[in-house]
Amino acid sequence: MPANPCCAPASATAASNANAGCCGPAKEQSQEQQQQQQPAAVVTAELTAQGVRDTVQQYYGTELKTSDDLKTSACKACTPPPPQIRQLLKELPNEVVEKFYGCGTPLPLGTTGLRVLDLGSGSGRDCYVAARLVGESGFVTGVDMTPEQLDVAVRNLDAYTRDVCKFSKPNMKFVRGEIEYLDKAGIPDASQDIVISNCVINLSPDKPRVLSEVYRVLAAGGEMYFSDVYCDRRLTPEVRNHPVMIGECLGGALYVNDFLRICRKVGFSDPRYLSVDPLTVDDAELAKVAGDAKFYSITFRLFKLPEGELEDGAEDYGHEAIYKGSLPGSLQSYTLDDGSTLLTGVPQRVDANTAAILAGSWLAPHFMVLGDRSNHRGAFPRATPSLDERCAASAAVAAAASGSGGGGGSGCCGPEDNTKAAVGGNGCCGPAEEAPKAAAAAGGCCGPAKEEPKAAAGGGCCGPAKEAPKAAAAAGGCCGPA
Ligand SMILES: C[S@@+](CC[C@H](N)C(=O)[O-])C[C@H]1O[C@@H](n2cnc3c(N)ncnc32)[C@H](O)[C@@H]1O
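All values reported here derive from a predicted model rather than from experimental measurement.

Quick notes on the rules
- Residues numbered from 1 in each chain as written.
- Predicted model: local features only at pLDDT ≥ 70, side-chain atom pairs only at ≥ 80, totals over all residues.
- Heavy atoms only, no water.
- Near = heavy atom within 4 Å.
- Polar contact = N/O pair within 3.5 Å; in protein donor to acceptor, adjacent residues only side chain to side chain.
- Axes fitted to C-alpha atoms, helices over the stretch in contact; angles between N-to-C directions.
- Helix = DSSP H or I, 4+ residues; strand = E, 2+ residues; numbered from the N terminus.
- Parallel < 35°, antiparallel > 145°, perpendicular 65-115°, else oblique.
- Left-handed = near helix turned anticlockwise from the far one by under 90°.
- Contact = heavy atoms within 4.5 Å.
- Nonpolar A, V, L, I, M, F, W, Y, C, P; charged D, E, K, R; others polar.
- Phe/Tyr/Trp six-rings, centres within 6.5 Å; stacked < 30°, edge-to-face > 60°.
- Buried < 20%, exposed > 50% of the residue type's maximum accessible area, 1.4 Å probe, protein only.
- Lys NZ or Arg CZ within 6 Å of the ring centre and 35° of its normal.

(A) Looking closely at the site of the ligand. Residues in contact with the ligand amount to 22 residues; listed here are only the nearest, Y101, G120, D144, T146 and E180. Residue D144 places a side-chain N or O atom 2.6 Å away from an oxygen atom belonging to the ligand. Within the side chain of E180, one N or O atom sits 3.0 Å away from a nitrogen atom of the ligand.

This is the structure:
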């Protein structure tokens, strides 16, 4: 937990003070002074592209030391990874795991021999796992702009390749570059089978450019499989330009429908939702800045097929698809997206786009697809659930996976694996093997049961009971010694 859970670290706080009325140390200003000086809402000028990059680099390069320093659940994975991935996560170098700031598990299984590119690879967690999944015949490239993050990924590479992967030479590399300019980072056209990314695109000042670069570097039949933060509405300038909101992957979150429009414009005609998790803004000051906006971590799948093969909607030509049961971790069935699960060996009616994806993408060896486009039968019925309905469906899938040994399903997130559990339904998370953590009855503050209970002092601020109680400054909901 950060030293001052309701405010940004020192340097970010200074920036926040200037822009959005965040909190400063209680000793420096009286509460009255703070109330006078902090307007309820400050509309700030749009940051330049370079301003966004500088903010992001400072946040991930120097502000954050480990994922424990994050102030929201935005940059932490929530849908539990499948057991195969959890096993691989246990074998990662500590330093790589500690600096994981992702919001999902964008690591498709069955990728042996494929070329994988990770946008905003950070300390390398997903690349390290992907390197095991693609094996010695595949290759993984990580691109990131923050030297401190790249250093962690690079300095653990040789020992991991030798001692854990037991490969004769590394099958991954890390490149310093900007994800809007993959050409300058040396990534050629049509050179990648899978592009992954974990909680990064929201941080880009030019998201359409990132998506069109991804479209360029993917080979036909390739896929972008990634997790990122989205919002249920277009954010105000105050949220968009707040340095800590940006750093925490919230300020740059796109209204999800605007994101889908960008996808279609650059050529990804039929974006698919795989899972949706709700995000919480626990920090009182940031929650105030966020207002009514609701944030979600979403894993999307964007397929690139030869021009004209994907339409912008689901059409019925009477296609059928049969899953062969051959993808790792998907013996009984395969989930293509949150609305399409195919049972092994059972012919299933699919729309023409799904038929094209299953017959023409990297998934093709695992499916038999029957039919052609000679006889159109009208629109193929496809549900369009709300984000909250998709969340409920994802939670149900996670719970089912948990029941079958999938683990997690509790809404608790952990960097190494997802064996963390919400104990006793109180919303507190901790490794199952540790002493259970408890929410102090009144305040919703969590701590190991054996420790002295922590207390929320009327303002949603948490701290050990024996310390001076912490108080939320009346106007701003900021926490600090009374
Ligand atoms: C939230 S962290 C996620 C890192 C990593 N994907 C993970 O899951 O741990 C965001 C990372 O994206 C990088 N990043 C953000 N914007 C970028 C850009 N425009 N170009 C390259 N890297 C960027 C940052 O340097 C940082 O390492």
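Back to the write-up after that little detour.
(B) Main features of the packing of helix α9 (residues 207–217) against helix α12 (residues 256–266). The geometry of α9 relative to α12 is characterised by a closest axis approach of 9 Å and an angle of 40° between their N-to-C directions. It follows from the interaxial angle that α9 and α12 lie oblique. Of the two elements, α9 crosses α12, and the hand of that crossing is right-handed. For the pair α9 and α12, contact is made by P208, L211, S212 and Y215 and by F259, I262, C263 and V266, respectively. When grouped by side-chain class, the residues that make up the contact of α9 with α12 number 7 nonpolar, 1 polar and no charged.

(C) Structural view of the environment of E46. Summarising the element assignment, E46 is placed in the loop between α2 (31–37) and α3 (49–63). In this structure, E46 is in contact with P237, R240 and N241, ignoring residues within four places of it in sequence.

(D) Representation of the packing of aromatic side chains in the model. Counting across every chain of the model gives 14 aromatic pairs. Note on Y230 and F300: the rings are 5.3 Å apart at their centroids and 85° apart in plane angle, and the pair reads as edge-to-face. With Y230 in strand β5 (residues 218–231) and F300 in strand β8 (residues 295–303), this residue pair connects regions lying 70 residues apart in the sequence. Note on accessibility: Y230 and F300 belong to one class, buried. Following the ring pairs from residue to residue traces out a cluster consisting of F226, Y230, F259, Y273 and F300. Across from the ring centre of F100, 3.6 Å away, lies the NZ or CZ of R125, which sits over that ring. The positively charged end of K184 is found above the aromatic ring belonging to Y181, 4.5 Å away from the centroid.

(E) Structural context of unusual backbone geometry. With a phi close to 60°, K166 is a non-glycine residue in the positive phi region. With respect to the helices, strands and loops of the structure, K166 is situated in the loop between α8 (157–165) and β3 (172–176). On the accessibility criterion, K166 (63% relative accessible area) is exposed. One non-glycine residue with positive phi stands out, namely C249, at about 75°. Tracing the backbone shows C249 in the loop between α11 (243–247) and β6 (254–255).

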